[in-house]
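Notes for the structure review
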Amino acid sequence: MANSRFEYVRQFETHDTLLPETYIVIRIDGKKFHEFSKYYDFVKPNDERALKLMNACAKNVVLTYRADMILAFGESDEYSFILKSDTNLFNRRSEKLSTLICSLYTSNYVALWPKFFPGVDLNAKHLPYFDSRCVVYPNLKTIKDYLSWRFVDTHINNLYNTAFWQLIQVCGLTAQESENKLAGTVSSEKQEILFTDCSINYNNEPDMFKKGSLITRKGEILHIDVIKQIDTLFEGF
Ligand code: ATP
Ligand code: ATP
Ligand code: MG
Ligand code: MG
Ligand code: MG
Ligand code: MG
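Residues numbered from 1 in each chain as written. Chains lettered and ligands numbered in written order. Predicted model: local features only at pLDDT ≥ 70, side-chain atom pairs only at ≥ 80, totals over all residues. Heavy atoms only, no water.

The topology assignment puts Ser80 in strand E3 (residues 78-83). Side chain to side chain, Ser80 and Tyr146 meet in a polar contact 2.6 Å long. Setting aside residues no more than four positions away along its own chain, Ser80 makes contact with Val25, Ile26, Arg27, Leu71, Ala72, Phe73, Tyr146 and Arg150. (Helix = DSSP H or I, 4+ residues; strand = E, 2+ residues; numbered from the N terminus. Polar contact = N/O pair within 3.5 Å; in protein donor to acceptor, adjacent residues only side chain to side chain. Contact = heavy atoms within 4.5 Å.)

See below:
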C-alpha cells in the first residue's frame, strides 16, 4: 500500500507533539451529563453509584498506564490524569494521548455500567460519551496548582449543590427559590443555611462528595484534603 501516488496526502497531517519535560494533564468530561444524569435518575446532588463507576474507570486507566502516571483526580463527570514530565507515552502526541485515554475511559464506563447500575440498561439513544483535552504544565508549582484548582472546584460545587438540593428536597423550596436564597452567599453562609434550615452539618457529608477522589499509581482510591497533602503527592516527581 505504501508509495502510491496518493501517499502525498499524509503531508497534510499536522504535528501535535507536546513540549518535552512538561507535566501532561489529560482531562476528560462527560458530554451533557446534566441530561444523562436526569435520564438515568441519578440521585441529586451526588449519586454514589455514578461516582464509584467514574472511579473504577479511572482506576483501570491509571493501572493500564501506571508507569507514566503520577495520579488521577476526579469529581462529578470529570477526571484528570496527571502524567510524569518525562513520559514518552504515545511519543507525547497530544491527539493520541487525548483520544486513547478518553476512549479507554469511555469503553470502561460502558463495560462497568451494569456492575454499578444493576438492572438499569443503557439506552442506545442515551449513551455516555466524554470530551478530552491535553494541557501541559511547565513545573511542579503549576501542576500542584492545577490539582489544587480541581480540588477547590469540587468543594465549591459540592457545597453549592448540597445546599441547593437540600433546600428543595428537605425544605420544599422550588429550584428558583433555592437559587435565589443561595445567590450571593459565601461558603460559611451556605453551611449555616444547611445547618439551620435543613439540619445538616456539612462536615458530616461523605468525604467522596466533599473532597473528590484521588487515585494513586498503585490504584488506591483516596478521598483526602489534596491541598494539605500537595507536597507529599508530588514527592519524587
Ligand atoms: P458539558 O457537556 O458541557 O460537559 P454537562 O451537562 O456535562 O455539560 P457539567 O458542567 O460537566 O455539564 O456538569 C456535569 C453535570 O452532571 C452536573 O452538573 C450534574 O448535574 C451531573 N452529574 C455528574 N455526576 C453526577 C453524580 N455523581 N450525581 C448526580 N449528578 C451528577
Ligand atoms: P496501532 O495501535 O498502532 O493502530 P494496530 O495493531 O491497531 O496498531 P493498525 O495498523 O491500525 O495496527 O492495523 C489494524 C490491524 O487490526 C490490522 O492489521 C488487522 O490485523 C486487525 N484488524 C482490524 N480490523 C480487522 C478485521 N475486520 N478483521 C480482521 N483483522 C482486523
Ligand atoms: Mg464540559
Ligand atoms: Mg460534562
Ligand atoms: Mg463536568
Ligand atoms: Mg490501529
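So, about the packing of aromatic side chains. If you walk through the whole model with that rule in mind, you get 23 aromatic pairs. On the numbers, 4.0 Å between centres and 5 degrees between planes, the contact of Trp113 with Phe117 is stacked. Here Phe117 falls in the buried class, since its relative accessible area comes to 0%. Consider the rings of Tyr160 and Phe164, whose centres lie 6.0 Å apart with planes at 15 degrees: the pair is stacked. Note that Tyr160 and Phe164 are positioned in helix H4 (residues 140-169) at a spacing of four residues, about one turn of the helix. Residue Tyr160 is classed as partly exposed on the basis of its relative accessible area, which comes to 28%. The aromatic ring of Trp149 is capped on one face by Arg150, whose charged end is 4.2 Å from the ring centroid. (Phe/Tyr/Trp six-rings, centres within 6.5 Å; stacked < 30°, edge-to-face > 60°. Buried < 20%, exposed > 50% of the residue type's maximum accessible area, 1.4 Å probe, protein only. Lys NZ or Arg CZ within 6 Å of the ring centre and 35° of its normal.)

Simply put, disulfide is the name for a covalent bond between the sulfur atoms of two cysteines. Taken as a whole, this structure holds zero disulfides when the rule is applied. Here Cys198 is not disulfide-linked; the sulfur of Cys171 is the nearest cysteine sulfur, at 3.7 Å. Judged by its relative accessible area of 6%, Cys198 falls in the buried class. (Disulfide = S-S within 2.5 Å.)

The next thing to look at is the nonpolar core. Within the largest apolar cluster, 34 residues are counted, with the highest numbers of intra-cluster contacts made by Tyr79, Phe81, Tyr105 and Tyr109. If you list the elements that add at least two residues to this core, you get strand E1 (23-30), helix H1 (33-39), helix H2 (48-64), strand E2 (69-75), E3, helix H3 (94-116) and strand E4 (130-137). Once residues lying within four places of it in the same chain are set aside, the contact partners of Tyr109 are Phe33, Phe36, Phe42, Leu53, Met54, Cys57, Pro128 and Phe130. Membership of the second largest hydrophobic core comes to 17 residues, among which are Tyr23, Ile70, Ile143 and Phe151. (Core = buried A, V, L, I, M, F, W, Y, C linked by side-chain atoms within 4.5 Å.)

Moving on: unusual backbone geometry. The omega torsion of the bond from Lys44 to Pro45 falls at 0 degrees, within 30 degrees of zero and hence cis. With respect to the helices and strands, the residue Pro45 is situated in the loop between H1 and H2. One non-glycine residue with positive phi stands out, namely Lys32, at about 50 degrees. Position of Lys32 relative to the elements: it lies in the loop between E1 and H1. Phi angles above zero are rare outside glycine, and Asp41 is one such case at about 55 degrees.

Here the focus is empty space enclosed by the protein. All told, the structure shown has one cavity of 30 Å³ or more when counted by the stated rule. For the largest cavity, the calculated volume is near 50 Å³. Of all the elements in the fold, those that place two or more residues in the lining of the largest cavity are H2 and E2. Per-element accounting of the lining of the largest cavity gives the leading share, three residues, to H2. Residue classes in the lining of the largest cavity are distributed as four nonpolar, five polar and one charged. (1 Å grid on protein atoms, 1.4 Å probe; cavity = no way out; pocket = protein on both sides within 12 Å on 5 of 7 lines; lining within 4 Å. Points joined across faces, edges and corners; volume = space filled by probe spheres on them. Nonpolar A, V, L, I, M, F, W, Y, C, P; charged D, E, K, R; others polar.)

Take H2 next. Spanning 17 residues, H2 covers 24 Å between terminal C-alpha atoms, matching the ideal 24 Å at 1.5 Å per step. For H2, every residue scored as buried is listed here: Ala50, Leu51, Leu53, Met54, Asn55, Ala56, Cys57, Ala58, Val61 and Val62. (Expected span 1.5 Å × (residues − 1).)

Among the 17 residues in the neighbourhood of ligand 1, the closest are listed as Asp29, Lys32, Phe33, His34 and Asp47. Phe33 places a polar main-chain atom, nitrogen or oxygen, 2.7 Å from an oxygen atom of ligand 1. Backbone polar atom of His34 to an oxygen atom of ligand 1: 2.9 Å apart, as the coordinates give it. Among the detected pockets, ligand 1 sits in the largest pocket. Where the shell around ligand 1 is concerned, the elements lending two or more residues are E1, H1 and H2. Counting residues per element, the shell around ligand 1 draws most heavily on H1, which supplies three residues. Its residues assigned to classes, the shell around ligand 1 shows six nonpolar, five polar and six charged. (Near = heavy atom within 4 Å. Sits in = over half its atoms within 2 Å of the grid points.)

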